[in-house]
Amino acid sequence: MSIQMNIGDHVSPHPGWVTVLPKHRPQVNWARSRAKVIARDMASANRYFSGLPNGRSLTSLLNDRSIWINYDPSATEFGANSVAHPNEIAIGPSAFRIGRWTVLATLIHELAHVDGAPGGASTQAEEALLHCGLGRWSEFRTGRDDPHTPYDPDISG
Ligand SMILES: [Zn+2]
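Residues numbered from 1 in each chain as written. Predicted model: local features only at pLDDT ≥ 70, side-chain atom pairs only at ≥ 80, totals over all residues. Heavy atoms only, no water.

Engineer: Help me get a handle on the packing of aromatic side chains, residues and values and all.
Structural biologist: Counted according to the given criterion, the structure contains four aromatic pairs. Their ring planes at 55 degrees and their centres at 5.9 Å tell us that Tyr71 and Phe96 sit as a pair that is tilted. With Tyr71 in strand S2 (residues 68-71) and Phe96 in helix H4 (residues 93-98), the pair connects residues that are 25 residues apart, well separated along the chain. The same class applies to Tyr71 and to Phe96, which are both buried. Seen from their ring centres, Trp137 and Phe140 are 5.4 Å apart, and the 85 degrees between their planes marks the pair as edge-to-face. Here Phe140 and Trp137 lie together in helix H7 (residues 137-142), a separation of three residues that amounts to about one turn. Residue classification places Trp137 among the partly exposed positions, given a relative accessible area of 39%. (Phe/Tyr/Trp six-rings, centres within 6.5 Å; stacked < 30°, edge-to-face > 60°. Helix = DSSP H or I, 4+ residues; strand = E, 2+ residues; numbered from the N terminus. Buried < 20%, exposed > 50% of the residue type's maximum accessible area, 1.4 Å probe, protein only.)

Okay, structure coming up:
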């Protein structure tokens, strides 16, 4: 059982979210596999996710086949989680352009929203990256982004 990538076998109820392009699928597959390794090997990841409003571990989310990863061709941000359809995630062109680590970071960030992390001024979703080994605590403490890690202390929502 696993979260699923929309490869044409799913119609997202979120307007504008479509099938992941064939050229982007290897990055999504890599990110999904890597996220499972993180959930298995880094206790801090499941611990952090279990403390989010919906209380689900990262492992539980990654094993949930009702959660779908779609593509949003017009996204201006790296990704999004549908408010109206909480099990729908989208990843946008800019994340794919930067590369697989950004796709992974986007997946983790959006799964934190699926787990109830709020948007707006909250940084709870982005902070999930720190607990998944995708950022440095010094970035969190100083608020200065290290461009070599996917975590960005300037990202809220
Ligand atoms: Zn967000």
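Picking up where we left off.
Engineer: Give me the lowdown on the coordination of the zinc ion, citing residues and values where you can.
Structural biologist: Within the protein, the zinc ion binds to His109 (NE2), His113 (NE2) and Gly157 (O); these donor distances fall in the range 2.0 to 2.5 Å. Summarised as a motif, the one-chain spacing of the donors to the zinc ion is H-x3-H-x43-G. Here the residue His109 occupies a position in helix H5 (residues 100-114), and Gly157 occupies one in the segment after H7, the gap between them amounting to 48 residues. Pair check on accessibility: His109 and Gly157 agree, each one buried. (Donors = N, O, S within 2.8 Å, 3.2 Å for Na, K, Ca; no water.)

Engineer: Account for the sheet that holds strand S3 (residues 79-81), naming residues and giving values.
Structural biologist: Paired through their backbone hydrogen bonds, the strands of a sheet run either parallel or antiparallel. Taken in spatial order, the four strands of this open sheet run S1-S2-S4-S3, and their pairing is mixed. Each edge of the open sheet is held by one strand with a lone partner, namely strand S1 (4-5) and S3. Where S3 meets strand S4 (residues 88-91), three bridges bridge the pair, whose relative direction is antiparallel. Counted as the bridge partner of Ala80 is Ala90 from S4. The strands touched by H5 within the sheet are S2, S3 and S4, with S4 carrying the most contacts at an inclination of about 155 degrees. (Pairing = 2+ DSSP bridges. Contact = heavy atoms within 4.5 Å. Axes fitted to C-alpha atoms, helices over the stretch in contact; angles between N-to-C directions.)

Engineer: Give me helix H2 (residues 43-50): which residues, what numbers.
Structural biologist: Residues of H2 that are buried: Ala45, Asn46, Tyr48 and Phe49. Angular distribution of buried residues about the axis of H2 spans 160 degrees; they occupy a single face of the element. In H2, those exposed residues whose orientation departs by more than 90 degrees from the buried face are Ala43 and Arg47. (Arc of directions from axis to C-beta.)

Engineer: Break down the environment of Gly92 for me, citing the residues and quoting the values.
Structural biologist: Turning to its location among the elements, Gly92 is positioned in the loop between S4 and H4. When the C-alpha positions of Gly92 and Gly120 are compared, they lie 19 Å apart, and in sequence the two are 28 residues distant. Every residue in contact with Gly92, bar those within four places of it in the chain, is listed here: Tyr71, Asp72, Ala75, Glu77, Phe78 and Gly79.

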